Amino acid sequence: MRYILVCLGLMAAGCTVAPTGNLDERQPPAMPNAPDTPVRATDIAVQSFDQVAGRVKPIGEKTCRDSGRSIRCDFQIFLDPREDKVANAFQTVNNEGQPQIVFTLGLVREARNDDELAFVLGHEMAHHIAGHLGETQMNAQLGAILLGTLAAAATSGATSAIQSVAVDTAQQAGAFVGSRQFSKQNELEADSLGTVIAARAGYDPVKGALFFSRVPDPGDRFLGSHPPNSQRFETVKRTAAGL
C-alpha cells in the first residue's frame with residue numbers, strides 16, 4: 001500500500017515536527033530520553049509508513065464513526081516525497097470535507113520505529129475526530145472580527161487609509177490570538193485520543209511518544225501552539241495506563 005500526496009486543503013491542524021483526560025497544569029516530570037536507535041534507511045522507513053498506515057487507518061475510521069459526530073471518517077493518508085520539506089505531519093480536509101493526513105518524507109525518516117509512526121498518525125486523526133480544525137478556524141475568525149471592530153472604533157476620526165491599515169493589522173493580530181486560544185489543550189486532547197487509536201491498532205503509544213524526546217521542546221511560551229514535550233508524554237502515559 002503506498003500513499004502519495006495529491007492535494008491539500010486550505011487550512012491545516014496538527015503539529016510540526018511531531019501533539020481526553022485531566023489536562024492539569026502542574027509541571028510534569030522530566031521527559032525520558034529515547035533509546036539511541038539509528039535512523040532507518042529511507043526505503044525501509046517508507047515501507048514501514050505504508051504498513052503502519054494500513055493498520056491504523058481502519059482503527060482511526062472506526063473511532064471516528066463511534067464518536068457520533070456528523071463528520072466524514074474516510075481518511076486519506078499521504079506521503080509528501082519532496083526531499084526539501086522539513087519533518088512534519090498535519091491534518092487537513094479537501095473541498096468535499098474529506099479528512100486528509102500528510103506526512104513529509106523527513107518525518108518518516110526521523111521516526112525510529114513503527115510505534116512512533118502509529119502514534120503520530122493517531123494524533124493527527126484525533127485532531128479531525130475532535131473537530132480541532134474547525135474550532136481553530138472559528139476562533140481565528142472571531143478574534144479577527146473582535147479586534148477589527150475595536151480598531152475601527154478607535155480610529156473613527158482618522159482618514160480612511162489610516163483606519164484601513166489599523167483594521168487590517170488588528171484583524172491579523174486577532175486571528176493569530178484567536179487561533180492560539182485553545183491550541184495547547186487541543187494538542188493534549190489529540191495526544192490522548194491518538195494514544196487510544198495507536199494502542200487499538202496494536203502499537204505501543206508510550207514507546208511511540210518517546211518521539212518527543214528528540215524534537216525541540218516548545219516549553220510553555222505565551223500564545224505558543226504546543227505544550228511542553230514532557231507534559232505531552234505524561235498525558236500519553238496516563239491515557240495508556242487507563243486502557
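This one's a predicted model, so the numbers in the text were calculated from it and none came from an experiment. (Residues numbered from 1 in each chain as written. Predicted model: local features only at pLDDT ≥ 70, side-chain atom pairs only at ≥ 80, totals over all residues. Heavy atoms only, no water.)

Engineer: Before we move on, could you go through the pairing of strand 4 (residues 99–104) and cite the residues and values that matter?
Structural biologist: Remember that side chains alternate between the two faces of the sheet whenever the strand is regular. With 6 of 6 residues buried, strand 4 lies mostly within the body of the structure. Burial along strand 4 is two-sided: Pro-99, Ile-101 and Phe-103 facing one way and Gln-100, Val-102 and Thr-104 facing the other are all buried. With 5 bridges connecting them, strand 3 (residues 88–93) and strand 4 associate as antiparallel partners. When the bridges of strand 4 are listed, Phe-90 appears paired with Val-102. With antiparallel pairing between neighbouring strands as the criterion, strand 3 and strand 4 make up a hairpin whose turn holds 5 residues, including Gly-97 at a positive phi of roughly 85 degrees. (Buried < 20%, exposed > 50% of the residue type's maximum accessible area, 1.4 Å probe, protein only. Helix = DSSP H or I, 4+ residues; strand = E, 2+ residues; numbered from the N terminus. Pairing = 2+ DSSP bridges.)

Engineer: Give a detailed account of the state of the cysteines, specifying residues and quantitative values.
Structural biologist: In this structure the tally under the stated criterion is 1 disulfide. The disulfide that involves Cys-64 links it to Cys-73, with 2.1 Å between the sulfurs. Where Cys-64 bonds to Cys-73 through sulfur, the torsion about that S-S bond is close to -70 degrees, and the disulfide is left-handed. Its relative accessible area of 0% is what places Cys-64 among the buried residues. (Disulfide = S-S within 2.5 Å.)

Engineer: Describe the confidence of the model for the protein, with residues and values.
Structural biologist: Residues of the protein with pLDDT of at least 70 account for 62%, and the chain-wide mean is 74. Confidence over residues 136–148 falls short of pLDDT 50; this stretch has 22 contacts with residues more than four positions distant or in other chains. (pLDDT = per-residue confidence, 0-100. Contact = heavy atoms within 4.5 Å.)

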